Amino acid sequence: MNLEDALIDSISFAMTPLQQSIRDSAERFARNFGRDGEGGRPGDLGLDALAGDITELGFARSEFPAVLIAEELGAGDAVKALELLLPLPALWFLAAAGRSADFDRCLQRWSAGLGGPGLAIQREQGGQARLWTLSATPAEEVVLVDVQEEGVRVDCLPASRLAGTISPVLGDGPLHLTMGRGDPLHTLSGDCVDRDALASACGETVQLFSAILVGAMRCCTEAAYDYADQRKSFGRPISHHQAVAIRLADTLIACQGAELLLHRIASVESGRDREDARLLSGQVAAASRIVFRDALQVFAAHGYIAESLAAKNYRVSNALVAMIDAIAAIDG
Amino acid sequence: MTKLDEKRVFELAHQRAVECGIDFKTLTQAIDGATLATDRTGEIPDSFWTQFDVRPLNLNWVPDAYSSRPTVHSALGRAAMVEELGYADPGYAISMPGPGLSMPPLAALGNPEQQSLHFGRFDSDIPRWGAFAITEPSVGSDATAIHTSARKTTGGYVLNGQKCFITNGARADYVIVFANIARDRGRFGIRAFLVERGTAGFSVDRVEDMLGLRGSMLTALSFEDCRVPEENLLWGAHVGRHLDAFAAAQGAWDFMRPMLSCIIVGFCRRTRDLIAQYIAGGGPDGRPDWGQARVERYLADMDREIMTARLLAWQAAWKYEQGEAMSRDASMAKAYASRLAQQLVEKAMDVLGMAAFEPSSRLEKAWRDAKAFDILEGTGDMQRQMIASLHRRERTSRQIQLRAA
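All values derive from a computational prediction rather than experimental measurement. (Residues numbered from 1 in each chain as written. Chains lettered and ligands numbered in written order. Predicted model: local features only at pLDDT ≥ 70, side-chain atom pairs only at ≥ 80, totals over all residues. Heavy atoms only, no water.)

A. Structural view of the side chain of His 14 of chain B. Position of His 14 of chain B relative to the elements: it lies in helix H1 (residues 6-20). Among the residues examined, His 14 of chain B registers a relative accessible area of 18% and is labelled buried. (Helix = DSSP H or I, 4+ residues; strand = E, 2+ residues; numbered from the N terminus. Buried < 20%, exposed > 50% of the residue type's maximum accessible area, 1.4 Å probe, protein only.)

B. Quick peek at the nonpolar core. Ranked by size, the top nonpolar core spans 237 residues in total, and within it Leu 73, Phe 209 and Met 217 of chain A together with Leu 27, Phe 48, Leu 159 and Phe 178 of chain B carry the most contacts. Sort the elements by how many residues they give to this core and helix H8 (residues 245-280) of chain B lands first, with 22 residues. The contacts of Phe 48 of chain B, once residues within four sequence positions are left out, are Leu 27, Ala 30, Ile 31, Ala 34 and Tyr 92 of chain B. If you look at the next biggest cluster of nonpolar residues, it comprises seven residues, including Leu 131, Val 142, Leu 144 and Leu 185 of chain A. (Core = buried A, V, L, I, M, F, W, Y, C linked by side-chain atoms within 4.5 Å. Contact = heavy atoms within 4.5 Å.)

C. Region of the structure containing the packing of aromatic side chains. Residue and element names in this part refer to chain B. Counted under the stated rule, the structure contains 16 aromatic pairs over all chains. Aromatic side chains Trp 49 and Trp 129 sit 5.6 Å apart centroid to centroid with 70° between the ring planes, which places their arrangement in the edge-to-face category. Taken together, the residues span a long stretch of sequence, with Trp 49 in the loop between helix H2 (24-41) and helix H3 (55-59) and Trp 129 in the loop between helix H7 (112-120) and strand S1 (130-133) at a distance of 80 residues. This pair shows no difference in class: Trp 49 is buried, exactly as Trp 129 is. Between Phe 267 and Phe 373 the ring centres are 5.0 Å apart and the planes differ by 75°, which places this aromatic pair in the edge-to-face class. Separated by 106 residues along the polypeptide, Phe 267 in helix H8 and Phe 373 in helix H11 (residues 363-373) bring together distant segments of the chain. Each member of the pair, Phe 267 as well as Phe 373, carries the same accessibility label: buried. Within the aromatic cluster, the residues linked to one another by ring pairs are Phe 48, Trp 49, Phe 52, Tyr 92 and Trp 129. (Phe/Tyr/Trp six-rings, centres within 6.5 Å; stacked < 30°, edge-to-face > 60°.)

D. Just the packing of helix H9 (residues 242-267) of chain A against helix H9 (residues 292-322) of chain B, in detail. At a minimum axis separation of 9 Å, H9 of chain A and H9 of chain B run at an interaxial angle of 95°. It follows that H9 of chain A is roughly perpendicular to H9 of chain B by the angle criterion. The segment H9 of chain A lies against H9 of chain B, with Ile 253, Gln 256, Gly 257, Leu 260, Leu 261 and Arg 264 of chain A engaging Arg 304, Met 307, Thr 308, Leu 311, Leu 312 and Gln 315 of chain B. Residue composition of the contact of H9 of chain A with H9 of chain B, by class: six nonpolar, four polar and two charged. (Axes fitted to C-alpha atoms, helices over the stretch in contact; angles between N-to-C directions. Parallel < 35°, antiparallel > 145°, perpendicular 65-115°, else oblique. Nonpolar A, V, L, I, M, F, W, Y, C, P; charged D, E, K, R; others polar.)

E. Molecular detail of unusual backbone geometry. For Phe 64 of chain A, which is not a glycine, the phi torsion comes out positive at approximately 35°. Along the chain, the position of Phe 64 of chain A falls in the loop between helix H3 (42-45) and helix H4 (65-76). If you check the backbone angles, Met 217 of chain B has positive phi at about 50° while not being a glycine. Relative to the assigned elements, Met 217 of chain B resides in the loop between strand S6 (202-207) and strand S7 (219-229).

This is how it looks when you write it as C-alpha cells:
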C-alpha cells in the first residue's frame, strides 16, 4: 500500500458498509432507550461478543465496532449507554490479567441477561487508597483494577466487598458512580498485569467511554440547534442572532473534531497505546467542556433544570471526563 | 502512536512534489532562509524564484487538462504539500505562483477556450500568479452586496469600483473580478470578469502594509471605466443552469479553506516545535526547568489539537475531492485551525517571554501572522455564523427527506 492510501485508510472519513450497518442497528437500539425505559440486553446488539477478539467475528481492527455502538448509544442516552456497556471494559481488564475463569463466568452471566460486572479503580497514595466504582444495577461482581507503584493487579470481587468503604457520588441518578477513601483493598499478591496488555485494555476503555461522550455531545448539539430554531427573541429565532450562532458553531466544531480524532485513533493499531489514550482523553475532555457548557447556555434557564438533557449531560459528562482521564493515566 | 504523523506527511509532501517536478527541499530551505527578510521588507525578491524550476509551481493547481506537467491529483497530496509550506512560512505558502484562488472560478465558469488560454499562461519558466477579487472597502463578508459595477457596451463591459485585500494582487498576471451587471438581481446579477494586468482603467492603488503574512502582497485595486472585452466575461451557455458566478466564488472558498487550514496546521506545528525546542533547553539562562512529565503533557495537549485541526482540514479536502457538499466542513476546519494558531502563539509568548523578541526568533513574527488566519478568507465570526446556518439548512433538508421516506 502506498503512503497516501495508508494515510487515508487510517482516517476513516467514509464508513464501510459493515460499519454503517452497525451504526444503524445501534441507533435503532438507542431509540428504544426513550420508549420503554429499558436499557436493552447485551445480546440484542452482540455486545457480549465484543468482549473477545473482534477479528474472530470477521471485523477488521480498523472497523472499531464497539466505538461505533458506544457512540450511537451515547447519543441516545449517555447514562444508559454507560450502564449497558460497562461490563465490556471490566471484561477487557480481566482478559488483560489472564483471569480466564472470572472472565468466562462474568461473560456468561452478562450474556444471559443476569447483569455484567462493575468496574472499580483503586489508586494508592501514601498508604491511603482512593477508590471509584462504577456499576450498573444490579452488579453482583466488580472488577477491581488496583493501581500500585510496582504495577497493576486485577481482581474480581463480590460487589458487597466494596459496600461500606465507599459513598455515592452520582448514586442518586442512574449513574452508579461511587467514591471511597480509606484503607486499600488488597486482594491479590500475584503478578502484576503485563504492561502492554494493560495499556491495550486501558486504551480500549478510553475509546469506549470517549465514544459515549462523543455521542452525547452530538445529541446535545443537535438538541441545542433544535431549541435555538424554535425559541424566539426580538421577533426571530435565537439561532439567527450572531452571538448564539457562534456558540452553536463552536459546539459543532468541537463535536466534529472530537469524533474525527476518536475514529482516527480507534482505527489504527497503535490507537490502544498509552500516548494515544492520553491524546484522545485530552481532546474529548476539552471538546466536551465546550459542548456541554455552550449547549446549556443556549437553553439558558431551561437547560439548568436538573432533568433537562443539557443539565443531565453537563453533570454526567464531567464524571465521564474524569473517568476517562483516570483510566488514560493508568500506567503499569 | 498516532500523534502528529509528521514523518509520513513530510514524506507524502515530498513524494508528490517530486512527481510534479518540484524541488521541495530547495524550496522549503529557500523559504526558511528568506522569511525574516520578507517580514522586514514585505517583498519576495525576484531572485528568490531563480533558485528552482518555477514551472511546476506555476502549474501545481492548474487542472490536468491544461497542464503540460503532472499535477498533484489528490486532495491529501495537496494538503500534505501546503502543510509543509505552512511549516516553512505561511506567508510564502499563500504567495506561491500559480492560479491560486482564481483557479476554481476559471475552471467552473470559463469555456474551454478561456481555460486553455488563461491556464496555458502558467506553463512558463517565469513565476505567474492569478488573483481573485471580490472583497470591497465597504463590503466584506456579505459578498453578495458588492458595489463594483459592470456596464454592457459594444464588444464588452466597463468596470467601475474598488477591491481590497486581494492576495497577490500586485504581482498577478490577471485578476478574476466579481462585479454587478444588475444590482437589483442580488447574487444572480453578479458576473466574473478576467481582467488582465495592464488593462487601461485597472490600477493597483497600493500594497497594504500588513501586520503579518507580509509576503502575500495584499492589495487594493481600482477600476475606473476599465474596458473588458466580451471574451473575458466568464459566462455562457456552457456554465449550466445550476451555477451562478457567486456560487463559483463560493466554490473557490470551498477549495481554498481546507488548503489554508492545512497551511495553518503547518504553522501550528512549527510554533509547537519552537516551544518544544525552547523548553527542552530548560535550566540555564533563565529558561524554565519544567521536568519531563510536565513538558510531555504540555506538548501532548498541543499535539492533540493540531491533530484535530488536521483531521478537520483533511476531511473537508477529501469531501471536496469526492464532490460532496462541504462548505460547512471547510468553515469548521478554518475556524478551528485559526483559533488554535492564536492559542498556540499565546502559549508560546507565555513560555518564552522576552526570548521571543530575540532577532533570530520567529515567534514575534508568528504572533503577528497568527492573527491573520482568523481574518482572511472570511473572519472567524463569519465562518461560525455560516457553520450554524449551513448546519441548520442541512438538518432541515434531512428532516424533509425523512418525512418523504
